[in-house]
Amino acid sequence: MVGLSGRARPGGGSAPPPPPFVELAARSGFSLLDGASNPETLAERAAGLGMPALALADRFDLGGAVRFARACEEVGVRPITAAEVRVALGSGRTGGAPVTLALALLCEDRGGYHRLCGLVTEARLAGSRGTPLLPLFRLAGRTDGLLCLLRVRESGPGTRPGTEAGAAAARAAIDRLRALFPDRLWVALEHHGLPDDGRACASWLALCREAGVPWAPVNAPLYARPSDRIVHDVLTCLRHGVTLDEAGDLLKPNAEWHLKGAEAMRERWCFARGGDAFPPVEAVVREGREDRRSGPHPPFGCQPAEPVLPPSCECDGCRALARTAEIAERCRFRLSHLEPRLPAFPVPGGGEPQAFLRGLVEQGARERYGDPPGERERRQIEHELSVIGRLGLADYFLVMWDIVRFARREGILVQGRGSAANSAVCYCLGITAVDPVGLDLLFERFLSESRREPPDIDLDIAHRDRERVLQYVYDRWGRDHAAMVCESITYRGKMAVRDAARVLGLPRETSDRLSAEVERGGADDAARRLAEGGLAAAGLDPRAPRSRALLRIVRGLEDLPRHRSIHVGGFVLSSRPIGELVPVERASMPARTILQWDKDDLDLPGFIKFDLLGLGMLTMLSDGLRLVRESRGVALDLAALPPDDPEVYDMICAADTVGVFQIESRAQMNTLPRVRPRTFYDLVIEVALIRPGPIQGDMVHPYLRRRRGEEPVTYLDPRLEPLLARTLGVPLFQEQGMKVAITLAGFTPAQADNMRRAMGFKRSHRKMREVEEDLVAGLAANGVAPDVAEKVLQYLTAFANYGFPESHSASFALLVYASAFLKRWYAPEFTCALLNAQPMGFYSPATIVHDARRHGVEVRPVDLAVSEWDCTLEPGAGEEFRSQPKGAAPPPALRIGLRFVHGLGPRARDRLRAAREAGPFRSVEDVVRRSGLGPSDLRVLAEAGAFETLWPGRRDALWEVLRRARGDAGPLARAVPERPVSFPPMSPFERVLADYRTTGLSSGGHPVAFLRPELDRRGAVRARDLATVPAGARARVGGLVICRQRPGTAKGVMFLTLEDETGFANFVAMPDLRERLRNVLRAPLLLLEGVVEREGEVVNVLLREAASLDLAGREVRGQSRDFR
Amino acid sequence: MSRPFPARVASVRFTTDGAMDGAAGAARAAAILLAASPRVAAAGAGLCRADARGWERRGGEAALARALRASASSAGLAVTGVGIADVPVAADAAALLAAERGGGPVIVPPGSAARFLAPFPLAALPLPAHLLETLRALGLRHAGELAARPREELEARFGPDGLRAHRLARGEDDRPFRALCPDAPPAAELDLDPPADSLEPLLFVLRHLLARVCADLADLGRGAVRLDLEMALEDGTRRTAALVPARPTRRDGLLHDLGRAALERAGDGTGRLAAPVAGLAVRVVGVAALEARQGDLFRAEWRDPMAAAGVLSRIRARLGEEAVVWPAPRSDPRPESRNAWRPVEMGSGAWPEVAPPPSAAEDAGAREVPGALHLLPEPEPVRVRTEAGRPRELWDGSGCREVAAVEGPERLSGDWWKDPWRREYFRLCTTGGELLWAFREVRRDGALRWWLHGWWD
């Protein structure tokens, strides 16, 4: 048992230590919308209170268990893994609702943990969403290794011993629980300082004595500190869908549900006089009268706020407090004790997995490297296989190989990425597409013996087909042994502001205004923004109590869990039923189950995770290759594209990369003309360059200057030259950081990887300190000068995990080249596939279409006579496509698919597909009759021009469709012969506007082109002509805003991109100007003015003024992609 | 009351900021314009209409426009335009045009509404948004283009909406005119000569008056929410009593009972009046639809709800307006605020219902906030001497009491988002054997105050 040292009290002397106390029933934010503190906060508070251990018992939830265990480890508190379950004792006496009990179940050992997970899983999977309920009999035979605290306050009202019937029900409950938990049952009593708490505790104490069951005090905190009470009140309101003013008794009536230490609990629970602590009021009256002349002692035990306690106390209350520490002492289980194992891979013929793996790798090596493979490759493969063997990971590689094999068999494009591309084994198994030997990649970045941690393989899957792969994994390994990882969605600024406004009862419009005042980001930032003018701008008085409360609420919600969703790709497999390792629950998507753990939680117990990620670009490439084959008869193989095609690189160097994987963003486009990639490795660098790591480490500009020969290539230490020569002396990749540590500080590869992890995204200060100490010592021992050592340390800490691993960049660079190749040589197919893979990438469909038109692609509008649901290719008009491959068929034209017509959902899609399968549409009447579409769908199709072939003239077609869509007027309707009518045809501008309104894109031109006379009059230049404006001159450009960006690394600077009929214009808004013009800059169509800045071929305009434009009252629904 | 629109109508557009916002603002504006025209109707945000008939004898329609502007101006209502035409749709458009021009009123000559409307954009017609959007998509921009379309074709495509749009575009608008000021509510009065000095003749007259009023209410299809019974005394003064039934009614028997109670209160208790009454009047001052709820034979409360309402009305008439109250439990942790008696709102038609405050089973523990056995209606301030934070002596109006024993504290707090409060309750046993319930609270200024809140027998 851990004791606490006494604390000095004012006035001198040292008070006797209170009995050790351990809180055994704390709740965190993972009791969704009930707990108001994160596990880390609770752990930190427990340490501050000197608590030796703490049990986290969220309601039917272990989602916070790993974070809690980690946080406890950091602060020196023993974590107790637990959960609260609710059980139904049977029907009520009157046959009504069942009597329910709340049990805090604490894991004594690993078996208990597995049983607890099993119970939580069963309850979560059986019940509907919300708080589940388990029948008590389901606990039979599943309680070994679990300690049980009966939480009487949280149990149903039928078991309260204040009445005879309640006492009988309580006795029955205790008897049944004692049978399930012999010697492992305690009654947990709570006293939160409410007027009735004393009476309730007294009756339970009497019952415990009578039944001979021990009791233990708990405070069952819902938050760490008293000030967090407001957050809990807010969460309560959100849970019940009421405002604070309406909540009334739903809120806890005081702030006593915070984590209390031994001293506070002793003040509450010490029965200094002995005897009953909580006599009923009647007894108080009686005893008070009897004792009124007997002396100064209080006649009953609930103790004063600042009592003078006896130096040592053996009262029942203090013994019960000490009992909590004894209970905690029994809970020896730690999550690190788990030993999750993969299911054994069913080797054909029953051989050993390692041998089977070797056979597959050797076969793959012959295919990849030639037969026989070279000595270097063979040595690397041997090394990797031996490491895999020693770590017992053959099954893992075989599972991943099996998934890839399934995908290939099904024609689904997949490609491994991330650190797996550092492995020759993965390359030989076909999981990755990059040769790590050829690129000299560091295997230890992927797998290290000393790390004793599982490797991480990320597999990108064509996103449209990803679900098939996921269901294959479920089917292959069984739903009991496979589940996806969850993602805890936590409160951020806007969500916090909206929920705070909701519970304060502010009108929706006010909530919208407040939300508009805050940027995307954390709740703390949002509160600061509101305090610094946002409240007033939204029309609230900052001094009003509710305004101040709003800020407190928003701050308090920072990072609390809000709900749980499916992780983008994490899958976990287990030989043991997975629900016994981590609780599993239903996901909102059908046929999906998820773990209660986040992906970051899997490392501690050593789970192996398979990341099966959806990637739109693979869908695009898959479709693109198919279209090229179908339209031109050219069979392209991704693995065998013509390498280093100069025209492809010319296009990339000109930043003509809309739609190209990874290098289409504005930042990448700005860099491309400076880097001027000419080889595959240049693309690898380009992918890695625009990342937070290199940006924050101030490595981008040195690299660009060296690349252009504007500064010499130098090295901090001559020993770094072999490591950094390929990146001109500037470290850009994670592996380079590791190699620097190996070379200059004498780290082993495993140590270097530990360094990378310690400096990773979720940094541990303690580990950082340790690694830095080792680095400093290592650098000194290797003779590195102190000033150089300092610089080395500086850039290692800056980018250790914010940059890409080189292998990952290489994997992505393959897709960069492939997509650029398609764009360059097969633009219609590229555009068609890109549009069909939407939503994905950086640009809206409208921008993609305009870009395609600028590249000579013939884009045809949506037409019911010929359009499919997806975009398709048709024989082109015969015009020569620029730089067409010799001998290739003439380029096809792109037909926009019906999927882009606004408002047509899946049901319309199915109906249209079914109708078209029966034959092409012949007339308006045919469409109305066979498609089964409703009038609104038909109307929007007509407005979009989709009847052009069947009934020329959009307005005439709409007139006809309206008549047909209204249907038969009935037998009594007057038959009125109609004269043929003809409406005035739409002007080109009207057609473009109608296109934007109905499809969000237009094949008929750019809307800004129609504003050109007005823009000319106002002195605006075309975006394309900005290149001719001298640096330092002022220039105006008018256009649609297609992108607003405020990257976290840009310190408040906003980047805006305008699009006109000639291309893009890039503007930069400094923070003060952005703030001044924030309302104007929200408009979809802008006229911007600024000072032209030029760096080589790259032109940016430093914003000075802005005005919104309109199209003479006509609306263009611009589709800006706004990024933080 | 709804009537077809008059042959000439004036539309008044006004700015809608502040109190004149929305439909409520339009109603307020209509009330202001009553000074210029006896029949005025609110017509939506920023728009009112007035009956423009008969102004040819009072200076012409331009004079009406001036009068409307003048009455608006005197009440601070900013009129932007006035238009006058045969039908509302044309008058509204004329007012819009007047607002755009910023000058005097636009008066559309009789019989030329269609011609006047033709060049107006379709948005000037009160059409549903989806219809407007579709007509625009067809390239129809102006009312005249719509009016030129064959009626049958529009009906074939848009049904009744299309027909209505077509009529409006042609200046045919038969929307009802809902005047702000309805016809005067039913009333009846009778002079008594000689004046009555006893109750009996008054009750006879009252029955007669109420029968007339109730007949008028029947014509209206309404019931009375409240009636004023006015007595003109011989000395020239007047006394008024309100008759408020529990539900809207036109049952003259019940109303007579209420009237009798009112008259008896005015008497001396022996059947004679305090002063001779020279005239009696009954005026309905509020009407409402009669309730027509479906009953249930097997539910006790449906046996005779009107009888129950009658009893309540009579009790209230005899014992005063706040004599009938109902308990309203409140969801507030402060013991003195957990219950309240609320007077029944007579005449509203709303029946008192005792709804429990919101709570949830899982939070049931939070509701258990029992007080002392006897709770003071409001906590009373006391002075307390403490030792180590615990009460030792307590002074109130009856002197000093020594505290022999203390239990507590119990803590309650709340309303942190608007008006925070925090209390610590103690159960005190005095040396005299009294058991008291007191609390201390920290006020906003930091001062600590003690209150006595209850006691045990």
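Rules used throughout
Residues numbered from 1 in each chain as written. Chains lettered and ligands numbered in written order. Predicted model: local features only at pLDDT ≥ 70, side-chain atom pairs only at ≥ 80, totals over all residues. Heavy atoms only, no water. Helix = DSSP H or I, 4+ residues; strand = E, 2+ residues; numbered from the N terminus. Contact = heavy atoms within 4.5 Å. Buried < 20%, exposed > 50% of the residue type's maximum accessible area, 1.4 Å probe, protein only. Areas by Shrake-Rupley, 256 points an atom, 1.4 Å probe, with all protein chains shown as cover. Phe/Tyr/Trp six-rings, centres within 6.5 Å; stacked < 30°, edge-to-face > 60°. Pairing = 2+ DSSP bridges. Axes fitted to C-alpha atoms, helices over the stretch in contact; angles between N-to-C directions. Core = buried A, V, L, I, M, F, W, Y, C linked by side-chain atoms within 4.5 Å. pLDDT = per-residue confidence, 0-100. Parallel < 35°, antiparallel > 145°, perpendicular 65-115°, else oblique. Left-handed = near helix turned anticlockwise from the far one by under 90°. Nonpolar A, V, L, I, M, F, W, Y, C, P; charged D, E, K, R; others polar. Salt bridge = Lys/Arg side-chain N within 4 Å of Asp/Glu carboxyl O. Polar contact = N/O pair within 3.5 Å; in protein donor to acceptor, adjacent residues only side chain to side chain. Disulfide = S-S within 2.5 Å. Patch = residues over 30% accessible without salt bridge, like charges linked within 9 Å, V, L, I, M, F, W, Y side chains within 5 Å.

Undergrad: Would you mind showing me how to read the overall build of chain B here?
TA: Counting its secondary structure elements, chain B contains ten helices and 19 strands. Here the contacts in chain B between residues at least 6 apart in sequence split such that 58% fall between residues at least 24 apart.

Undergrad: Help me understand the overall build of chain A in this model?
TA: Check the secondary structure of chain A and you find 40 helices and 24 strands. The proportion of buried residues among the 1124 residues of chain A is 59%. Partitioning the intrachain contacts of chain A with sequence separation of at least 6 by distance along the chain shows that 74% fall at a separation of at least 24. Surface exposure of chain A reaches about 43800 Å², of which carbon and sulfur atoms provide 51%.

Undergrad: Is there a simple way to think about the packing of aromatic side chains in this case?
TA: Note on aromatic pairs: each is described by the distance of the centres and the angle between the planes. All names here are of chain A. One pass over the structure, following the stated rule, counts 28 aromatic pairs over all chains. Note on Tyr 817 and Phe 821: the rings are 6.3 Å apart at their centroids and 40 degrees apart in plane angle, and the pair reads as tilted. One end of the pair, Tyr 817, and the other, Phe 821, are both in helix H31 (residues 806-825), four residues apart, so they sit about a helical turn from each other. Just as Tyr 817 is buried, Phe 821 falls in that class too.

Undergrad: I'm lost on the sheet that holds strand S2 (residues 9-14) of chain B in this one. Help?
TA: Paired through backbone hydrogen bonds, the strands of a sheet run either parallel or antiparallel to each other. All names here are of chain B. If you walk across this open sheet you meet the five strands as S3-S4-S2-S5-S6, and the pairing is mixed. Looking along the sheet, the strands with just one partner apiece sit at the ends: strand S3 (40-42) and strand S6 (106-107). As defined by bridge partners, S2 adjoins strand S4 (residues 47-51) across five bridges and the pair is classed as antiparallel. Of the residues in S4, the one forming a bridge with Arg 13 is Leu 47. Strands in contact with helix H2 (residues 61-74) are S2, S4, strand S5 (79-85) and S6; relative to S5, the strand with the most contacts, it is inclined by about 150 degrees. Across the sheet, helix H3 (residues 88-101) is in contact with S2, S4, S5 and S6; its angle to S5 comes to roughly 140 degrees.

Undergrad: Whenever I open this one, the sheet that holds strand S18 (residues 893-895) of chain A confuses me. Can you help?
TA: Residues and elements named next belong to chain A. Taken in spatial order, the three strands of this open sheet run S16-S18-S17, and their pairing is mixed. In this open sheet, the two strands that pair with only one neighbour each are strand S16 (859-860) and strand S17 (872-874). Of the strand pairs in this sheet, S17 and S18 are connected by three bridges, and their pairing is antiparallel. Directly across from Glu 874, in S18, lies its bridge partner Ala 893. Lying on the sheet, helix H32 (residues 827-836) is in contact with S17 and S18; it crosses S17 at an angle near 155 degrees.

Undergrad: Even after reading the chapter, I still don't get unusual backbone geometry, so can you show me in this structure?
TA: Negative phi values dominate among residues other than glycine, just as trans dominates among peptide bonds. Residue and element names in this part refer to chain A. Residues Asp 371 and Pro 372 are joined by a peptide bond in cis, for which omega reads -5 degrees. With respect to the helices, strands and loops of the structure, Pro 372 is situated in the loop between helix H11 (353-369) and helix H12 (375-391). Here Gln 838 and Pro 839 are connected by a cis peptide whose omega angle stands at 5 degrees. Mapped onto the secondary structure, Pro 839 falls in the loop between H32 and helix H33 (845-854). Positive phi outside glycine occurs at Gln 662, with the angle close to 65 degrees. Its location among the elements puts Gln 662 in the loop between helix H21 (646-653) and helix H22 (666-675). Even without being a glycine, Leu 728 presents a positive backbone phi close to 55 degrees. Counting through the fold element by element, Leu 728 comes out in the loop between helix H26 (721-724) and helix H27 (734-745).

Undergrad: Looking at this structure, how should I read the nonpolar core?
TA: Taken as a class, soluble globular proteins show a tendency for nonpolar side chains to be buried jointly. Residue and element names in this part refer to chain A. If you look at the biggest cluster of nonpolar residues, it comprises 171 residues, and the most contacted ones within it are Phe 397, Phe 571, Leu 612 and Met 620. Ignoring anything within four residues of it in the chain, the contact list for Phe 397 reads Leu 357, Ile 388, Val 425, Cys 426, Leu 429, Ile 431, Phe 446, Leu 447 and Ile 457. Core analysis: the next-biggest nonpolar cluster, separate from the first, contains 82 residues, Val 87, Phe 271, Ala 320 and Leu 338 among them.

Undergrad: It is not clear to me how the confidence of the model for chain A should be interpreted in this structure. Could you clarify?
TA: Regions with low pLDDT carry predicted coordinates that are not meant to be interpreted in detail. All names here are of chain A. Averaged over chain A, the pLDDT score is 86; the fraction of residues at 70 or greater is 89%. In the model, residues 1-13 has pLDDT below 50 throughout and makes 20 contacts with residues more than four positions away in sequence or in other chains. Confidence drops under a pLDDT of 50 for residues 273-309, and excluding neighbours within four residues, the segment shows 78 contacts in the predicted structure.

Undergrad: How should I be thinking about the packing of helix H35 (residues 924-931) of chain A against helix H37 (residues 954-966) of chain A in this particular structure?
TA: Helix-helix packing is characterised by the crossing angle of the two axes and by the distance between the axes. Residue and element names in this part refer to chain A. One can describe the packing of H35 onto H37 by two numbers: an axis separation of 10 Å at closest approach and a directional angle of 40 degrees. Compared by their axis directions, H35 and H37 come out oblique. Relative to H37, H35 is oriented so that their crossing is right-handed. Two secondary-structure elements touch here, H35 through Val 924, Glu 925 and Val 928 and H37 through Glu 960, Val 961, Arg 964 and Ala 965. Along the lines of polarity and charge, the residues of the contact of H35 with H37 split into four nonpolar, no polar and three charged.

Undergrad: Even after reading the chapter, I still don't get the pairing of strand S10 (residues 457-462) of chain A, so can you show me in this structure?
TA: Consecutive residues of a regular strand have side chains that alternate between opposite faces of the sheet. Residues and elements named next belong to chain A. Taken across its six residues, S10 has six buried, putting it largely inside the fold. Residues Ile 457, Leu 459 and Ile 461 point to one face of S10 and Asp 458, Asp 460 and Ala 462 to the other, with burial holding for every one of them. Across four bridges, the pairing between strand S9 (residues 414-417) and S10 is antiparallel. Within S10, the residue paired with Gly 416 across the bridge is Leu 459.

Undergrad: Just checking my understanding: could you explain the confidence of the model for chain B for this structure?
TA: All names here are of chain B. Summing up the model confidence of chain B, the mean pLDDT is 82 and the portion of residues at 70 or higher is 86%. In this model residues 352-371 is a low-confidence stretch, pLDDT under 50, and it forms 49 contacts with partners more than four residues away in sequence or in other chains. Both scores are given for the predicted complex: the pTM is 0.75, the ipTM 0.72.

Undergrad: I would appreciate a short explanation of the pattern of salt bridges in the present structure.
TA: As a working rule, side chains carrying opposite charge can pair if their charged atoms are close by. All names here are of chain A. By the definition in use, this model includes 124 salt bridges over all chains. Residue Glu 960 pairs with Arg 963 through a salt bridge whose shortest N-O separation is 3.3 Å. Residue Glu 960 and its partner Arg 963 are located together in helix H37, separated by three residues, close to a single helical turn. For Glu 960, a relative accessible area of 6% gives the class buried. Among the residues examined, Arg 963 registers a relative accessible area of 29% and is labelled partly exposed. Here Arg 1018 and Glu 1014 are joined by a salt bridge, their closest N and O atoms 3.4 Å apart. Owing to a relative accessible area of 29%, Arg 1018 belongs among the partly exposed residues under this scheme. Using a relative accessible area of 30% as the deciding quantity, one classes Glu 1014 as partly exposed. Look at the salt bridges and you will find they share partners, linking Arg 27, Asp 34, Arg 59, Glu 84, Arg 86, Arg 151, Glu 154, Glu 190 and Arg 239 into a network.

Undergrad: What's the story with the side chain of Asp 402 of chain A in this structure? I'm lost.
TA: Residues and elements named next belong to chain A. One can find Asp 402 in helix H13 (residues 394-409). Overall, the relative accessible area of 0% leaves Asp 402 in the buried class. Here the side chain of Asp 402 touches Arg 476 through a polar contact of 3.0 Å, side chain to side chain. In this structure, Asp 402 is in contact with Phe 345, Tyr 472 and Arg 476, ignoring residues within four places of it in sequence.

Undergrad: Help me out: how do you make sense of the environment of Gly 729 of chain A in this one?
TA: By the secondary structure assignment, Gly 729 of chain A is in the loop between H26 and H27. Here the alpha-carbon distance between Gly 729 of chain A and Ala 173 of chain A, two residues 556 residues apart in the chain, equals 73 Å.

Undergrad: Which parts of the structure should I look at to understand the state of the cysteines?
TA: Any covalent bond linking the sulfur atoms of two cysteines counts as a disulfide. Residues and elements named next belong to chain A. This structure, assessed with the given rule, holds zero disulfides over all chains. Just so you know, Cys 318 is unpaired, no disulfide at all, and the nearest cysteine sulfur is the one on Cys 270, 3.5 Å from it. Left without a disulfide partner, Cys 426 is nearest to the cysteine sulfur of Cys 428, which lies 9.4 Å away.

Undergrad: Explanation requested: the pairing of strand S1 (residues 23-26) of chain A in the structure shown.
TA: Of the strand pairs in this sheet, S1 of chain A and strand S2 (residues 53-59) of chain A are connected by two bridges, and their pairing is parallel. Among the inter-strand pairings, Ala 26 of chain A is bridged to a residue of S2 of chain A, identified as Leu 56 of chain A.

Undergrad: Just to check I follow, could you spell out the side chain of Glu 829 of chain A for this structure?
TA: Residues and elements named next belong to chain A. By the element assignment, Glu 829 lies in helix H32. Glu 829 sits in the buried class, given a relative accessible area of 0%. When neighbours within four sequence positions are excluded, Glu 829 is seen to be in contact with Gly 624, Leu 627, Val 628, Ser 631, Arg 632, Leu 873 and Pro 892.

Undergrad: Is there a simple way to think about a nonpolar patch on the surface in this case?
TA: A cluster of nonpolar side chains, contributed by Val 311, Ile 315 and Leu 319 of chain B, occupies part of the molecular surface with about 270 Å² of accessible area. Counting through the fold element by element, Val 311 of chain B comes out in helix H10 (residues 305-319).

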